[in-house]
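Topology and contacts: notes
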Amino acid sequence: MLQTFFNPAILKAAWPILLDGLGNTLLLSIVVVPLGLFGGLALATLASVRNPLVRWPLMAWVDFFRAFPPLVLLILLFAGLPFAGLELGGFACVCIAFFLNTGAYYGEILRAGIESVPAGQTEAARSTGLGRIQTMLYVVLPQAVRNVLPDLLSNTLEVVKLTSLGSVVATPELLFQARQAQSLTYNPSPIVLAAAVYFMLLWPLVRLLSRLENRALSARA
Amino acid sequence: MPGKPIVEARGVHKYFGALHVLKGVDLVLAERELAFVIGPSGSGKSTLLRCLNRLEEPSSGSIVVDGVDMLDPRTDLNHARQRIGMVFQSFNLYPHMTALGNVTLALRKVAGRSRDEADAVGRTALARVGLADRADYTPGQLSGGQQQRVAIARAIALEPRVMLFDEPTSALDPELVGSVLGVMRDLRESGMAMVVVSHEMGFARNAADRVIFMDAGAVVEEGAPAQIFEAPRQQRTRAFIGQIQRH
Amino acid sequence: MSNWERFLETFFNAKVMAKYLPDIAHGTLVTVELAGLVILTGLACGLALALLRSLGFRPVNFLVVFAVDLFRSLPPLVIIVFIYFGLPAVNVAPSGFVSTWLSLSLVLTAFSEEIFWAGITSIAKGQWEAALSTGLTYGQALMSVVLPQALRLTVPPLTNRTIAITKGTALGTVVAVSEILGTASSAVSNSYNPSPLILGAAAYLVLFLPVVVLGRWLETTMVWKR
């Protein structure tokens, strides 16, 4: 069993390839997370406008991209766009698909965060002469982010895990590299190694999240 | 002695949907004058106050504060609001900033002062309310009375021409009320024009120049404290005064 | 032909869609089946683990926490790939369907256990004490007093998480499960036309959009105001 799943020779050989993949996983994450946050912030601030003509299409957009499985979106872009004459590589497709998907999720989280800040805060700020944008920037957002930090972190964790979907469209991230190594050697050790890498990378965040979520839930009880 | 008018609200109407909350209210406040507004809940006194700095949009009427037409769309509302200080029942301090941060935020962002200037002005304001030594405390570390005093400092740091108080002591434990009223009395003595919505009748008797009684969205009677409390002319005023004096 | 018409011909080709509609409909059934099973086993096991944890045996709890952390850190696709491509090396060869179901169930178990556990522990000790002091057994106190309150707290985060994980049924394509994405993708390769994929996307929306909207409604009605 050990020879099958933890074959030292194969692990040693596969390690550099997997390391390469890890680099791409991290690169993807570093690109997608800020993009998604920015998109989410834009959605959330637009959602605080009271005009229903703005809110309804916005909510429809958010619900649409929350209902749409990210893999389907990715395949749609990767396999479908070439028919429209657009040949985007796997990396670009992943970035676009994830931007749309996580932007919607971050948008929902930030919107809930903004709504959780009491109206009195906005009133006090406006009464001292602060403009709408200044109030949002200096008074509302800092509190909103603080209130939904566990959800923001949790979603970020999901995004990093989501990068593994890139393997389906031949983006050379961690899982793709592991599968390549596995099919070359007919041995699943590289996959076990990849799993171990994911675990070591993400476990600290999972632990932190556990503690924050517990605290948030007891605060509500 | 009161001077020329600093607040002139005339014919203010406010509808919340079908509910007629303000029915053509007039309020004229002179410089250095303290007007105290009393009335049962639902009488519209808070709404009137909030119309003065346009936190509520009046449905009709005119509101001129320190010569600025508050309802004119061309008015720079943000700058106009700096001339009007407001203190809320629930303090509304920013929990993520220190007391000093609370006081200086608008100074830096709207009045455009440098950080050092703003800090100096902020510390002076906090000293005026007796909290100079609490400048670096966050609201969570302060008692209710202290928080409200920081809120007052936040308003006066902008050097307003008039201060609006919306039930400033109603959310405070009784033993903390005195400290806030003390600050309000000092403000009064230094010549600030003030409109106070409150139930603190003792304060009204001692410090107010004028008491305004509102009921069901209209001004029923106004006059000197002694007259309103001892010899009210209207039946409704008498009924209200009688009720609250029984407590 | 104008650009718009060419666009419609390519992406919304009625003939191609009609041809593959039965396949995609079948794929939809598989997706629903898979999702339903995942929700059932995932939530049931998650609740069971949380209840097990509440009994308080330290070595057991240690194992539970470790397993939960493990399945919260691993991407579901990695687990699927391991089960389907890795296990055959030790003569265990689950089908694509079973691999996907097992993987997603393990992930949902882990996440829901955390949520149930947080819900149970956040119910104040006072509730336990009151129940036990009136003579209820541990089991009765749990069932009648603590669990109903805990469940109310857990519904919003649970619906969110469940929706996210069941969308993972699409991952079944990678291991040849003939759910929506799988059937749509092969239809695209067979017909050299992307319309089946659009049809598949529509099928996903029909399935999940109502769930998302329901989840939104649940969140607003079941949350106690702070």
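Here, the structure is the one placed above.
Notes on the structure in this doc start here.

Each value, and the rule that gives it
- Residues numbered from 1 in each chain as written.
- Chains lettered and ligands numbered in written order.
- Predicted model: local features only at pLDDT ≥ 70, side-chain atom pairs only at ≥ 80, totals over all residues.
- Heavy atoms only, no water.
- Helix = DSSP H or I, 4+ residues; strand = E, 2+ residues; numbered from the N terminus.
- Buried < 20%, exposed > 50% of the residue type's maximum accessible area, 1.4 Å probe, protein only.
- Contact = heavy atoms within 4.5 Å.
- Areas by Shrake-Rupley, 256 points an atom, 1.4 Å probe, with all protein chains shown as cover.
- Lys, Arg positive; Asp, Glu negative; His and termini not counted.
- Charge placed at Lys NZ, Arg CZ, Asp CG, Glu CD.
- Buried area = accessible area lost by both parts, 1.4 Å probe.
- Salt bridge = Lys/Arg side-chain N within 4 Å of Asp/Glu carboxyl O.
- Nonpolar A, V, L, I, M, F, W, Y, C, P; charged D, E, K, R; others polar.
- Polar contact = N/O pair within 3.5 Å; in protein donor to acceptor, adjacent residues only side chain to side chain.
- Pairing = 2+ DSSP bridges.
- Right-handed = clockwise from strand over helix to strand, strands pointing away.
- Phe/Tyr/Trp six-rings, centres within 6.5 Å; stacked < 30°, edge-to-face > 60°.
- Lys NZ or Arg CZ within 6 Å of the ring centre and 35° of its normal.

1. Here's the deal with the overall build of chain A
- When helices and strands are counted, chain A shows ten helices and zero strands.
- Counting helices and strands in the order they occur from the N terminus, chain A gives α-α-α-α-α-α-α-α-α-α.
- Dimensions along the principal axes, computed over C-alpha positions, put chain A at roughly 70 × 45 × 25 Å.
- Relative to its full complement of 221 residues, chain A shows a buried share of 53%.
- Considering only intrachain contacts with a sequence separation of at least 6, the fraction spanning at least 24 residues in chain A is 76%.
- For chain A, the exposed surface amounts to about 9,800 Å²; the carbon and sulfur share of it is 71%.
- Averaging the coordinates of the 14 positive side-chain charges in chain A and doing the same for the 10 negative ones gives two points 8 Å apart.

2. With respect to the interface of chain C and chain A
- Across the boundary between the two partners, chain C contributes 54 residues, which contact 54 residues of chain A.
- A buried area of about 4,600 Å², summed over both sides, lies between chain C and chain A, and 70% of it is on carbon and sulfur atoms.
- The largest share of the area that chain C buries against chain A comes from Arg72, Lys167 and Arg216 of chain C, three residues that together contribute 14% of it.
- Connecting chain C to chain A are two salt bridges.
- One salt bridge connects aspartate 69 of chain C with arginine 207 of chain A, and the closest N-O pair in it is separated by 2.8 Å.
- Among the secondary structure elements, those contributing two or more residues to the side of chain C that touches chain A are helix H1 (3–11), helix H3 (58–73), helix H4 (76–86), helix H5 (96–122), helix H7 (138–166), helix H8 (180–191) and helix H9 (195–222) of chain C.
- With ten residues, the single largest contributor to the side of chain C that touches chain A is H9 of chain C.
- Along the lines of polarity and charge, the residues of the side of chain C that touches chain A split into 37 nonpolar, ten polar and seven charged.

3. Observations concerning the arrangement of the chains
- When the two pairs of chains in contact are compared, the highest contact count belongs to chains A and C.
- If you take every C-alpha in chain B and every C-alpha in chain C, the smallest gap between them is 16 Å, and the two do not touch.

4. Some remarks on the interface of chain A and chain B
- Counting residues at the interface gives 17 residues for chain A and 21 residues for chain B.
- Arginine 50 of chain B is the partner of glutamate 123 of chain A in a salt bridge, and the nearest nitrogen-oxygen pair spans 2.7 Å.
- Summed over the shared surface of chain A and chain B, the number is nine residue pairs in polar contact (both at pLDDT 80 or more).
- Of all elements in the fold, only helix H6 (119–127) and helix H7 (132–147) of chain A reach the threshold of two or more residues within the side of chain A that touches chain B.
- With seven residues, H6 of chain A is the single largest residue contributor to the side of chain A that touches chain B.
- Its residues assigned to classes, the side of chain A that touches chain B shows six nonpolar, eight polar and three charged.

5. Overview of the pairing of strand S8 (residues 193–197) of chain B
Residue and element names in this part refer to chain B.
- For S8, the tally of buried residues reaches five of five residues, placing the bulk of the element in the interior.
- By the alternation rule, side chains of S8 split into Ala193, Val195 and Val197 and Met194 and Val196, which are all buried.
- Examined bridge by bridge, strand S3 (residues 34–38) and S8 share four bridges and lie parallel to one another. Each bridged residue has a counterpart across the sheet, and for valine 37 the counterpart in S8 is valine 197.
- Sheet topology places strand S7 (residues 162–166) next to S8; five bridges connect them, and they run parallel. From the neighbouring strand, valine 162 faces S8, where its bridge partner is alanine 193.
- Following the backbone out of S7, through helix H6 (residues 174–189) and into the adjacent parallel S8, one traces a crossover that is right-handed.

6. Details of unusual backbone geometry
- Notably, alanine 170 of chain A is not glycine yet its phi reads approximately 60 degrees, a positive angle.
- With respect to the helices, strands and loops of the structure, alanine 170 of chain A is situated in the loop between helix H8 (149–162) and helix H9 (174–185).
- Note on alanine 170 of chain A: relative accessible area 48%, which makes it partly exposed.
- The residue arginine 54 of chain B is not glycine, and still its phi comes out positive at about 60 degrees.
- Relative to the assigned elements, arginine 54 of chain B resides in the loop between helix H1 (45–52) and strand S4 (60–65).

7. Remarks on the packing of aromatic side chains
- The final tally for this structure, using the stated rule, is ten aromatic pairs over all chains.
- Seen in terms of ring centroids, phenylalanine 64 of chain A and phenylalanine 65 of chain A are 5.0 Å apart; in terms of plane orientation they differ by 80 degrees. Their pairing is edge-to-face.
- Accessibility expressed as a relative area gives 29% for phenylalanine 64 of chain A, which makes it partly exposed.
- Arranged with centres 5.4 Å apart and planes meeting at 40 degrees, the rings of phenylalanine 64 of chain A and phenylalanine 68 of chain A form a pair that is tilted.
- Linked through ring pairs, Trp61, Phe64, Phe65 and Phe68 of chain A together constitute an aromatic cluster.
- Geometry around tyrosine 137 of chain B places arginine 134 of chain B over its ring, the cationic atom sitting 5.0 Å from the centre.
- Above the plane of the ring of tyrosine 94 of chain B lies arginine 154 of chain B, whose end atom (NZ or CZ) is 4.7 Å from the centre.

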